[in-house]
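Spelled out, the chains give:
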Amino acid sequence: MTKKIISFIAVTVLLVMTIIYAATTGSIQMSFIDFITNFFNADNADMAAIKDLRFPRIIVAIFAGAALSVAGVLLQAIMRNPLADAGFIGISAGAAFTKLFIVSFVPTLFFFTPIAAFIGGALACFFVFLLSWKSGLNPLKLILVGIAINAMFSGLTEAMISFGASATGAITSNLSLKTWDDVSLIVTYGSIGLLLAFILYASCNVLVLSDKTAKSVGFNVTGARILIAAVAVLLAAASVVVAGVISFVGILVPHIARRLVGYDHKVLIPFTALLGAFIILLADTLGRTMFSPMEVPASTIMAIIGGPFLIFLLRKE
């Protein structure tokens, strides 16, 4: 219990420190004292610029990290596979494809892009289950099918771009130029998904067991698996719509979280959300400040970190 409390406190402190650093560092510099003293000063031009330009980006990064990380936890619970991730098995690619389709060919329905992204992600998830299910979920087959589905939707997206579809803001994972409208979108859908994920923590704990064991106590395995998968798709779609496709988050963060707080989803889900928020915000902040005025997208940094981590995980498992 002490380790869990210390982990929560440590990650919370790191997240707050990163938020302050992200807000005060960049083309507009501001000391910590000035930041605190001018936070509610409406006449300070620098603070006004920070609130309009940096705060939306910070909030979007936080919610994208939390959503993708918790989506990874949920998918790993229902598939009983530590390599399950929304970006890795095609859910994010499916959501990005349908979002791009709406933005490019039916722009009058732009308001419904979150729903379109959810449908695309759900379709990808359905294909993964359908094609990998044969007397249970085979972990190796699941990953292979997921890679194939991811490649298929990524190929469709590239084909649409080749035929003239606009990729601007549709599938890119750069968190720059985010607005308060973006914040409203990801906070609304992300909060709903995160709340539902926590409500379903008990079902996640049961699904970690074998299907036979879960059914022996009267648990509706299929129903719970579909419901949790829907929540995971909602979280991934909300992130893709606003922040673009960011892979490896759903593998990297839950694995670290389990080492720190254990396997009980009642604790694991909120801690994973907190840790994911910190890691994506840190990646975005470093990418924005380390090579200024150039920017390295958070997705690129996560790929650089996630690739070796995935190799390590595969060797260990």
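Residues numbered from 1 in each chain as written. Predicted model: local features only at pLDDT ≥ 70, side-chain atom pairs only at ≥ 80, totals over all residues. Heavy atoms only, no water.

## Regarding the overall build of the protein
- Looking only at helices and strands, one finds 13 helices and 0 strands in the protein.
- Starting at the N terminus, the α and β elements of the protein follow one another as α-α-α-α-α-α-α-α-α-α-α-α-α.
- For the protein, whose C-alpha radius of gyration is 20 Å, the value lies close to the compact-globule estimate of 20 Å for 317 residues.
- Structurally, the protein occupies a C-alpha span of about 65 × 55 × 35 Å along its principal axes.
- The buried share of the protein, reckoned over its 317 residues, is 50%.
- Counting contacts in the protein only where the partners sit at least 6 residues apart, residues at least 24 apart contribute 77% of the total.
- Accessible surface, the protein as shown: approximately 14,800 Å² in total, 72% of it carbon and sulfur.
- Where the 19 positive side-chain charges of the protein centre and where its 13 negative ones centre are 17 Å apart. (Helix = DSSP H or I, 4+ residues; strand = E, 2+ residues; numbered from the N terminus. Rg over C-alpha atoms; globule rule 2.2 N^0.38 Å. Buried < 20%, exposed > 50% of the residue type's maximum accessible area, 1.4 Å probe, protein only. Contact = heavy atoms within 4.5 Å. Areas by Shrake-Rupley, 256 points an atom, 1.4 Å probe, with all protein chains shown as cover. Lys, Arg positive; Asp, Glu negative; His and termini not counted. Charge placed at Lys NZ, Arg CZ, Asp CG, Glu CD.)

## Quick notes on the UniProt feature "transmembrane region" (unreviewed entry) in the protein
- Per the UniProt record, the feature "transmembrane region" (unreviewed entry) sits at residues 58–79, 86–105, 111–131, 143–165, 185–208, 228–255, 267–284 and 296–314.
- With 100% helix and 0% strand, residues 267–284 has end C-alpha atoms that lie 26 Å from one another. (UniProt positions renumbered as here; feature names shortened; annotations may be inferred.)

## Some thoughts on the layout of surface pockets
- Roughly 410 Å³ of internal volume is contained in the second largest pocket.
- The set of elements that each furnish at least two residues to the lining of the second largest pocket consists of helix H3 (45–79) and helix H12 (265–289).
- Considering each element in turn, the lining of the second largest pocket owes the most residues, 6 residues, to H3.
- Considering only residue class, the lining of the second largest pocket consists of 10 nonpolar, 7 polar and 6 charged. (1 Å grid on protein atoms, 1.4 Å probe; cavity = no way out; pocket = protein on both sides within 12 Å on 5 of 7 lines; lining within 4 Å. Points joined across faces, edges and corners; volume = space filled by probe spheres on them. Nonpolar A, V, L, I, M, F, W, Y, C, P; charged D, E, K, R; others polar.)

## Some thoughts on the side chain of lysine 178
- Mapping lysine 178 onto the fold places it in the loop between helix H6 (139–162) and helix H7 (180–199).
- For the buried residue lysine 178, which engages in no salt bridge, the nearest side chain bearing the opposite charge is aspartate 182, 4.8 Å off.
- With residues near it in sequence (within four places) discarded, lysine 178 still touches Asp52, Pro56, Arg57, Val60 and Val242. (Salt bridge = Lys/Arg side-chain N within 4 Å of Asp/Glu carboxyl O.)

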